[in-house]
Amino acid sequence: MNFLNFNSNVLSHRLIVLTILLLSTIANYSQETNISKSELIGSWRVDETPSLNGISEEDKVMLDSSPEMGIKTKEGIVNRVLSFGPKGIFSQTYGSGRQLNGTWTLKGQMLTITSLKGNLWEQKIVQVAKDRLILEQLAKGEFHPIVPILYLTKNQ
């Protein structure tokens with residue numbers, strides 16, 4: 001009988017420890033995902049080198065085999081600026097001067113950009129700091145982004 005009491009005490013102790021660990025993990029996760037909209041407001045320029053370095057080897061081979069596609073990919077990144085307004089207004093200006101306008105919303109770490117035509121882009125905020133923003137561009141259906149991570153610096 002003492003053996004059974006010992007086992008139930010050990011089991012009870014383990015359940016308490018596991019519960020505490022689970023609750024602390026949940027608390028840490030919720031703190032990490034709580035991003036304020038005010039942190040995004042402003043103008044952000046894409047850092048070309050780290051963003052382009054994130055292209056997979058498979059996609060690099062594809063871009064090397066199609067120089068036109070490689071040029072378009074690079075032009076889509078170089079001098080690209082994303083602007084987040086305080087009332088959910090979004091604009092993106094490419095190096096070519098072409099502009100995309102729409103709205104943005106934030107839920108946890110998920111940033112959703114909607115163009116005026118109704119196209120949606122979902123991105124996960126990996127990191128946001130005073131002058132640094134890292135966005136993971138999510139796949140749209142079976143299509144994955146050639147540049148999966150955008151590294152941005154806040155314009156001063």
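None of the values given here were measured: they were computed from a predicted structure.

Colleague: With reference to specific residues and values, describe the nonpolar core.
Modeller: Core analysis: the biggest nonpolar cluster contains 24 residues, and L40, F84, I125 and L133 have the highest contact counts within it. Residue assignment for this core shows that the elements contributing at least two residues are β1 (42–46), β2 (81–84), β4 (99–107), β5 (110–115), β6 (120–128), β7 (132–137) and β8 (149–154). Per-element tally for this core: the top contributor is β4, with 3 residues. The contacts of I125, once residues within four sequence positions are left out, are I35, L40, L106, Q109, L111, L133, I134 and L135.

Colleague: Run through the pairing of β7, naming residues and quoting values.
Modeller: Across 5 bridges, the pairing between β6 and β7 is antiparallel. When the sheet's bridge partners are listed, Q123 is paired in β7 with Q137. Inspection of the sheet shows β7 paired to β8 by 5 bridges, in the antiparallel sense. Bridging from a neighbouring strand, L135 pairs with L150 of β8.

Colleague: Can you tell me about the sheet that holds β6, naming the residues and giving the values?
Modeller: Backbone-to-backbone hydrogen bonds pair the strands of a sheet. The strands run either parallel or antiparallel. Taking strand neighbours around the barrel as the criterion, the 8 strands line up as β1-β2-β3-β4-β5-β6-β7-β8 in a closed arrangement whose pairing is antiparallel. Adjacent strand axes in the sheet meet at a mean angle of 35° when their direction is disregarded. Looking at chain direction, β1 and β2 are connected through 4 bridges and run antiparallel. When the sheet's bridge partners are listed, S43 is paired in β2 with S83.

The rules behind these values
- In every chain, residue numbers begin from 1 and rise along the written sequence.
- At least 70 in pLDDT is required for a residue's local features to be given in this predicted model, at least 80 for side-chain atom pairs to be given and counted, and no such filter applies to totals for whole chains, interfaces and linings, which use all residues.
- Note: side-chain values were computed over all heavy atoms of the structure, leaving out hydrogens and water.
- The term nonpolar core refers to a set of buried residues drawn from Ala, Val, Leu, Ile, Met, Phe, Trp, Tyr and Cys, joined through side-chain atoms within 4.5 Å.
- Burial classes: relative accessible area under 20% of the type maximum marks a residue as buried, over 50% as exposed, and values in between as partly exposed (1.4 Å probe, protein chains only).
- Under the DSSP-based scheme used, a helix requires at least four consecutive residues in state H or I and a strand at least two consecutive residues in state E, with every element numbered from the N terminus.
- Throughout, a contact is declared for two residues whenever any of their heavy atoms are within 4.5 Å.
- A pair of strands is labelled paired if DSSP reports no fewer than 2 bridges between them.
- Axis definition: a line fit to C-alpha positions, over the contact stretch in the case of helices; interaxial angles, taken between N-to-C directions, run 0 to 180 degrees.

Bear in mind that shape data such as this cannot, by itself, settle questions of function.
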